[in-house]
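Structural description and commentary
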Amino acid sequence: MKLVLLAPLAIFVIYYDVRYRRIPNVLVLATLLAGISVNTAFGGWPGMLSSLQGFALAFFPMLLMHIFGALGAGDVKLFGAVGAVLGVGLVPLAFVVVVMLGAVLAVYTMLRAGRVLTTLHGVLRIFVGLLPGWEMPRFAMSPDRKHTIPYGVAIMLGSLIAVAVFQR
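How each quantity is defined
- Residues numbered from 1 in each chain as written.
- Predicted model: local features only at pLDDT ≥ 70, side-chain atom pairs only at ≥ 80, totals over all residues.
- Heavy atoms only, no water.
- Helix = DSSP H or I, 4+ residues; strand = E, 2+ residues; numbered from the N terminus.
- Polar contact = N/O pair within 3.5 Å; in protein donor to acceptor, adjacent residues only side chain to side chain.
- Contact = heavy atoms within 4.5 Å.
- Core = buried A, V, L, I, M, F, W, Y, C linked by side-chain atoms within 4.5 Å.
- Buried < 20%, exposed > 50% of the residue type's maximum accessible area, 1.4 Å probe, protein only.
- Axes fitted to C-alpha atoms, helices over the stretch in contact; angles between N-to-C directions.
- Parallel < 35°, antiparallel > 145°, perpendicular 65-115°, else oblique.
- Left-handed = near helix turned anticlockwise from the far one by under 90°.
- Nonpolar A, V, L, I, M, F, W, Y, C, P; charged D, E, K, R; others polar.
- Patch = residues over 30% accessible without salt bridge, like charges linked within 9 Å, V, L, I, M, F, W, Y side chains within 5 Å.
- Areas by Shrake-Rupley, 256 points an atom, 1.4 Å probe, with all protein chains shown as cover.
- Salt bridge = Lys/Arg side-chain N within 4 Å of Asp/Glu carboxyl O.
- Phe/Tyr/Trp six-rings, centres within 6.5 Å; stacked < 30°, edge-to-face > 60°.

Along the polypeptide, Asn-39 turns up in helix H2 (residues 25-67). Within polar-contact distance, the side chain of Asn-39 engages the backbone oxygen of Ala-84 at 2.7 Å. Beyond its immediate chain neighbours, meaning those up to four positions away, Asn-39 contacts Lys-2, Gly-44, Gly-47, Met-48, Ser-51, Ala-84 and Val-85.

What follows is the structure, given as structure tokens:
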């Protein structure tokens, strides 16, 4: 059932994120409401609770990455909504797959844009910012959108893979 909900969404999100580097809020809201509704319909109160916990467990780690400038707000909202579909049990597994796919996508984007040294310097600044007494850097969004990562692709593909491989 989760694949049936996520597969059509993946097509639209991937298209919009690659083409426009935007994820329409209407898709995110529809996913959130569908996830809560379907999990409630098939699982009752425990299903609804799992859906809401899945939302929170997916949303808040992504929000932290957004605060540091690593993700756009649309990516945060999208993974929260997808977490509502997946439920709390699948979110950690999906998160791992999403992060791995996101890393591959980031390396590809970095190489394609010819910004290897600049990107590695930014990553080093993040790790130094984690040290006591150092300030975490905040990175500005690149004005050239082709240098940004369409992380919605990693979120959707990673979530589909997690459902296909780990759902019982």
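That was the structure; now back to the text.
Attention now moves to the nonpolar core. With 29 residues, the main nonpolar core has Leu-6, Leu-78, Phe-79, Val-82, Ile-155 and Met-156 as its most contacted residues. Mapped onto this core, the elements with two or more residues apiece are helix H1 (2-20), H2, helix H3 (73-86), helix H4 (91-113) and helix H6 (151-166). If we skip the residues at most four places from it in the chain, Ile-155 touches Met-62, Asp-75, Leu-78, Phe-79, Val-82 and Val-98.

Our focus in this paragraph is the packing of H3 against H6. In the contact formed by H3 and H6, the axes pass within 10 Å of each other and the chain directions differ by 15 degrees. Judged on the interaxial angle alone, H6 and H3 are roughly parallel. Considering only the axes of H3 and H6, their crossing is right-handed. Each of Asp-75, Leu-78, Phe-79, Val-82 and Leu-86 in H3 lies in contact with H6, whose residues at this interface are Tyr-151, Gly-152, Ile-155, Met-156, Ser-159 and Val-163. Grouping the constituent residues of the contact of H3 with H6 by class yields eight nonpolar, two polar and one charged.

Bringing a nonpolar patch on the surface into the picture now. Nonpolar side chains collect at one region of the surface, where Ile-11, Phe-12, Tyr-15, Tyr-16 and Tyr-20 lie side by side and expose about 540 Å² of accessible area between them. If you trace the backbone, Tyr-20 turns up in helix H1.

Going through the model one piece at a time under the given rule, you end up with six aromatic pairs. Here Tyr-15 and Tyr-20 contribute two aromatic rings whose centre-to-centre distance is 6.2 Å and whose plane-to-plane angle is 85 degrees, an arrangement assigned as edge-to-face. For Tyr-15, a relative accessible area of 45% gives the class partly exposed. Taking the centre distance of 6.2 Å and the plane angle of 40 degrees together, the rings of Phe-79 and Phe-95 count as tilted. With Phe-79 in helix H3 and Phe-95 in helix H4, this residue pair connects regions lying 16 residues apart in the sequence. Since its relative accessible area comes to 0%, Phe-79 is described here as buried.

So, on to unusual backbone geometry. Of note in this structure, Arg-21 is not a glycine but carries a positive phi near 55 degrees. Here Arg-21 is to be found in the loop between H1 and H2.

This part takes up the packing of H2 against H4. Where H2 meets H4, the closest approach of the two axes is 9 Å, and the angle between their N-to-C directions is 35 degrees. Taken as a pair, H2 and H4 cross one another with a handedness that is right-handed. Between H2 and H4, the contacting residues are Gly-54, Leu-57, Ala-58, Pro-61, Met-62 and Met-65 on the first element and Val-91, Pro-92, Phe-95 and Val-98 on the second. Taken together, the residues of the contact of H2 with H4 sort by class into nine nonpolar, one polar and no charged.

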